[in-house]
Amino acid sequence: MVSSVLQLAGLIVGGIGAIGTFAVTGMPQWRVSAFIENNIIVFESIWEGLWMHCIRQANIRMQCKVYDSPLALSLDLQASRGLMCAAAVLSFLAFTLAAAGMKCTRCALSSEQAKGHLQLAAGLLFILSGAAELIPVCWVANTIIRDFYDPVVNVAQKRELGEALYLGWGAAFCLIAAGATFCCFRRCREKTRSYSYSVPPHHPAHDQHGRGRAESSYSKSQYV
């Protein structure tokens with residue numbers, strides 16, 4: 001019962017992380033305009049994402065435009081595209097393997113050993129996808145903070161951390177937590193199985209009875 005609850009909890013957390021990864025990949029709020037010093041045009045906000053940039057005016061209308069060329073992006077955003085796509089694919093594959101390895105799931109690989117291998121593979125893929133998501137999110141955040149405090153950068157070009165970065169940190173944490181859950185569960189199952197196989201059967205009553213018979217026969221021979 002406890003193992004089923006742990007598997008279900010890991011699957012739910014991993015599913016939340018996978019959905020968050022897909023959402024972060026498509027969201028344009030990676031970089032948002034900063035209202036500092038002379039840049040006080042609050043009725044207009046600029047969003048910059050991996051695929052498009054948007055201009056929102058006074059919560060009335062929003063215009064978005066897809067980037068004309070990937071070469072127009074900065075180096076961190078170019079790398080983030082590939083890493084986030086890889087993280088999204090890995091998280092989906094990990095969720096699929098985790099669902100197939102559940103105890104309540106019936107599939108062609110219905111043996112416990114095969115499902116254990118699926119759970120271990122799902123856990124490793126969850127951790128790998130979380131790491132692949134952390135790299136671009138932290139990279140972009142570091143670039144934004146560095147440019148924000150750089151006096152050489154123009155005030156109009158300075159940006160702040162967008163909602164997509166915070167969601168990316170949360171999604172990466174969910175993916176890593178789900179992966180750790182499946183890996184630890186698999187490891188504990190292996191230790192339990194190996195311990196049960198290593199303990200030899202012990203029959204104290206039978207051994208004492210046999211030892212008593214040997215002693216009695218030996219004492220009889222001495223009398224003869």
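As the structure is a computational prediction, the values presented were derived from the model and not from experiment. (Residues numbered from 1 in each chain as written. Predicted model: local features only at pLDDT ≥ 70, side-chain atom pairs only at ≥ 80, totals over all residues. Heavy atoms only, no water.)

**Q** Sorry, what's going on with the UniProt feature "transmembrane region" (unreviewed entry) in the protein here?
**A** Under the feature "transmembrane region" (unreviewed entry), the UniProt entry names residues 79-100, 120-145 and 165-185. End-to-end, the C-alpha atoms of residues 79-100 are 32 Å apart, and along that stretch the chain is 100% helix and 0% strand. Taken end to end, residues 120-145 is 100% helix and 0% strand, and its first and last C-alpha atoms sit 37 Å apart. (UniProt positions renumbered as here; feature names shortened; annotations may be inferred. Helix = DSSP H or I, 4+ residues; strand = E, 2+ residues; numbered from the N terminus.)

**Q** What is the right way to read the state of the cysteines from this model?
**A** Simply put, the disulfide is a covalent bond whose two ends are the sulfur atoms of two cysteines. Counted under the stated rule, the structure contains one disulfide. Two residues, Cys54 and Cys64, share a disulfide whose sulfurs are 2.1 Å apart. Around the S-S axis, the bridge from Cys54 to Cys64 shows a dihedral of about 110° and counts as right-handed. Of the two residues, Cys54 sits in strand 3 (residues 52-57) while Cys64 sits in strand 4 (residues 61-66), which places them ten residues apart along the sequence. (Disulfide = S-S within 2.5 Å.)

**Q** Help me understand the sheet that holds strand 2 (residues 44-48), please; the structure alone is not making it clear to me.
**A** Pairing between the strands of a sheet is mediated by backbone hydrogen bonds and can be parallel or antiparallel. Taken in spatial order, the five strands of this open sheet run 4-3-2-1-5, and their pairing is antiparallel. Looking at the sheet topology across the chains shown, the edges are occupied by strand 4 and strand 5 (159-161). With strand direction ignored, the average angle separating the axes of adjacent strands in the sheet is 25°. Strand direction decides the pairing type here: strand 1 (residues 31-33) and strand 5, joined by three bridges, are antiparallel. Each bridged residue has a counterpart across the sheet, and for Ser33 the counterpart in strand 5 is Arg159. (Pairing = 2+ DSSP bridges. Axes fitted to C-alpha atoms, helices over the stretch in contact; angles between N-to-C directions.)

**Q** Teacher, can you tell me more about the pattern of salt bridges here?
**A** As a working rule, side chains carrying opposite charge can pair if their charged atoms are close by. Evaluated as defined, the whole model comprises five salt bridges. Asp76 serves as the salt-bridge partner of Arg31, at 2.6 Å between the closest nitrogen and oxygen. Of the two residues, Arg31 sits in strand 1 while Asp76 sits in helix 2 (residues 75-100), which places them 45 residues apart along the sequence. Given the relative accessible area of 12%, Arg31 is considered buried. Each of the salt bridges in this network shares a partner with another, and the network as a whole consists of Arg31, Glu48, Asp76 and Arg159. (Salt bridge = Lys/Arg side-chain N within 4 Å of Asp/Glu carboxyl O. Buried < 20%, exposed > 50% of the residue type's maximum accessible area, 1.4 Å probe, protein only.)

**Q** Looking at this model, I keep getting lost on the side chain of Ser80. Mind explaining?
**A** Mapping Ser80 onto the fold places it in helix 2. Contact partners of Ser80, with chain neighbours within four places excluded, come to Trp30, Leu50, Pro136 and Val140. (Contact = heavy atoms within 4.5 Å.)

**Q** Just to check I follow, could you spell out the nonpolar core for this structure?
**A** Of all hydrophobic cores here, the largest spans 14 residues; its most connected members are Trp30, Val140 and Leu165. At the level of secondary structure, the elements contributing two or more residues to this core comprise helix 2, helix 3 (112-148) and helix 4 (163-198). In terms of residue count, the dominant contributor to this core is helix 3 (four residues). Not counting residues within four places of it along the chain, the set of residues in contact with Leu165 comprises Gln29, Trp30, Val137, Val140, Ala141 and Ile144. In terms of nonpolar packing, the next biggest core, distinct from the first, is built from eleven residues, Leu11, Ala94, Ala98 and Leu125 among them. (Core = buried A, V, L, I, M, F, W, Y, C linked by side-chain atoms within 4.5 Å.)

**Q** Looking at this structure, I do not really get the pairing of strand 2. What am I missing?
**A** Working note: regular strand, side chains alternate between the two faces of the sheet. Note: strand 1 against strand 2, two bridges, orientation antiparallel. Within strand 2, the position partnered with Val32 by the bridge is Trp47. Of the strand pairs in this sheet, strand 2 and strand 3 are connected by five bridges, and their pairing is antiparallel. By the bridge assignment, Glu44 is partnered in strand 3 with Gln57. The turn joining strand 2 and strand 3, which pair antiparallel and follow one another in sequence, is formed by three residues.

**Q** I keep staring at a nonpolar patch on the surface and nothing clicks. Help me out?
**A** Taken together, Leu8, Ile12 and Ile16 make up a surface patch of nonpolar side chains, about 280 Å² in accessible area. Considering the arrangement of structural elements, one finds Leu8 in helix 1 (residues 2-26). (Patch = residues over 30% accessible without salt bridge, like charges linked within 9 Å, V, L, I, M, F, W, Y side chains within 5 Å. Areas by Shrake-Rupley, 256 points an atom, 1.4 Å probe, with all protein chains shown as cover.)

**Q** Please clarify how the environment of Ser80 should be interpreted in this entry.
**A** Under the relative-accessibility criterion, Ser80 is labelled buried at 1%. Along the sequence, Ser80 and Thr25 sit 55 residues apart, while their C-alpha atoms lie 8.9 Å from each other.

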